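Read off the chains here:
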Amino acid sequence: MHGVTYRGAAVAENSTHGIRADGPAEIGRRVLRLRTAKGLTQRQLAEPAYTAAYISTLESGRVRPSETALRHLADRLGTTVDELTTGRPAHLATGLRMRLTDARRTLATGAAEDAAALYGALHEEAARAGLVPEQAAALLGLGDCALETGDLSPARDHYAAAEALLADEPLPRRVPALRGRATAHLLAGELRYACYLLETALDELNASGLHDPDALLLLYTASIAPYMDMGAHARAAHAAELALALAPQVDDPALVAGMHRGVARTLIAEGRIQEADASLAKAQELYQQLHIRTELAHCHWMRGYVRAQDGDLEGAESELRTARDMLASKRAALFTVQVEVELADVLRRRGKAGEAERLLSPLLSPSALGAERGAVHAGGAHRLLGLIAEERGLTESAEEHYCAALSLLERTGAAGDLADLCRLLGDLLRRTGRVEAALDAYRTGLGHRAAPGTTTLGPAPAAPPM
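In short, a report on the structure. Since the model is a prediction, treat every value here as computed from it, not as a measurement.

## A short note on helix α19 (residues 353-360)
Along α19, the residues classified as buried are Ala353, Ala356, Leu359 and Leu360. The arc that holds every buried residue of α19, seen down its axis, measures 125°, which confines them to one face. Where α19 is buried, its residues meet α17 (313-329), α18 (333-349) and α20 (375-391).

Written out as structure tokens, the structure reads:
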């Protein structure tokens, strides 16, 4: 279960904002315009540190002011050094940051398409002004919007562009974009590559001594889902332990809520249902306070999963329907259909096979689920349809669905799901007298279950100095 996504123009260099300052002529004309607007003489602008002759030379573009002179001029003209050297309005960055916050609020409470329109306009404005941090933040927002709508390829492009803009920044600044890119790969079914991205960043952070609790918590929390799907349960549990240890050092409640939601997955796998439910309750409370509807829906989704694992199918159906309705109202297309797969599983187990089938069949169109879009859940949908067909005695149809699921899941490396599917396929083949084919299916499942987390992953990332 997943819980939880520009080809930007090249930017010229500047030590603080990523753009090159204008030449002496442009700076001189700017000083002249601002001085005239203020009604100051050259002498009034110059005193007490400089002379009128220096201001005259500067305004004519024959000399480039030093940093000290720029600070003096900016103070006298009521502006900033940044505006004098680049022409960028003094409060543009502040205004953009405020509007980025508004866009983030729109994404949290409204539709991703509406937020994307805001982020797109902010990205263009920040790019024109050369405001690299704000431009990167807008790209990150565009990636999150694309992730929510299930447009995974654009999401990866946005996140990669944000990383490229921040290439010269310390790694902790790039972690949110890197984590977004890893999540997009995870949702596409590329579990190994998602693990690779997250583990590489963790190794670099911990080896370099860049002990940034926020960045580390984000990475460890994000790594739990691919570890669990690949069957690397011990590694997932270790990541959860490290995330819990880091949480007291983190002030961002959204990061802490995400940690509680991620840790719940490892608790479920260990059979600690009550603790998992308590962890989800903490996450849900924080998301309610923050008014983040998508993440709140993910909490209902996970609680539905917990109820199903505990045998409370009625409670599971209620939670999953709530999650689906919340995600559908946000037009979070990919997450909505993934919840519907898990809801169909609960419906089948409750004896509502017809309703489950009606829910599943439309989900297998390329625009809903497929090899490049929610591959793990697409495999799950085929598995469920195979079970329904088998229960109705439709052996050939069941085999077709199992084989389709196998084709999808083998590409993802989802070891637990693969093993279960190979058992179902092997049992079906054995009952129909194809013993050798059944043995091949069983061997395939056992091969994926062997040494989970070691045959597909390298050494575990270094632990942080706590």
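## Observations regarding the nonpolar core
Residues Leu219, Tyr220, Leu360 and Tyr402 are the most contacted members of the largest nonpolar core, which totals 137 residues. The element best represented in this core is helix α12 (residues 213-230), accounting for 12 residues. Counting residues in hydrophobic clusters, the runner-up holds 13 residues, among them Ile55, Leu58, Leu77 and Leu84.

## Some words on the environment of Val31
Among the structural elements, Val31 can be located in helix α1 (residues 24-38). As a C-alpha pair, Val31 and Leu73 span 42 residues in sequence and 8.0 Å in three-dimensional space. When near neighbours in sequence (up to four residues on either side) are disregarded, Val31 contacts Leu45, Leu58, Glu59, Leu73, Leu77 and Leu84.

## Some details on the pattern of salt bridges
Side chains that carry opposite charge are capable of pairing whenever their charged atoms lie near each other. Enumeration over the complete set of coordinates arrives at 32 salt bridges. With a closest N to O distance of 3.0 Å, Arg105 and Asp102 form a salt bridge. On the criterion of helical spacing, the pair formed by Arg105 and Asp102 is a turn pair, its members being 3 residues apart in helix α6 (residues 92-109). Residue classification places Asp102 among the partly exposed positions, given a relative accessible area of 38%. Ionic pairing is found between Arg272 and Glu270, a salt bridge with its closest N-O pair at 2.6 Å. Salt bridges linked by common partners bring Glu317, Arg321, Arg350, Lys352 and Glu355 together as one network.

About the thresholds
Residues numbered from 1 in each chain as written. Predicted model: local features only at pLDDT ≥ 70, side-chain atom pairs only at ≥ 80, totals over all residues. Heavy atoms only, no water. Buried < 20%, exposed > 50% of the residue type's maximum accessible area, 1.4 Å probe, protein only. Helix = DSSP H or I, 4+ residues; strand = E, 2+ residues; numbered from the N terminus. Arc of directions from axis to C-beta. Contact = heavy atoms within 4.5 Å. Core = buried A, V, L, I, M, F, W, Y, C linked by side-chain atoms within 4.5 Å. Salt bridge = Lys/Arg side-chain N within 4 Å of Asp/Glu carboxyl O.

In short, geometric facts, not functional conclusions.
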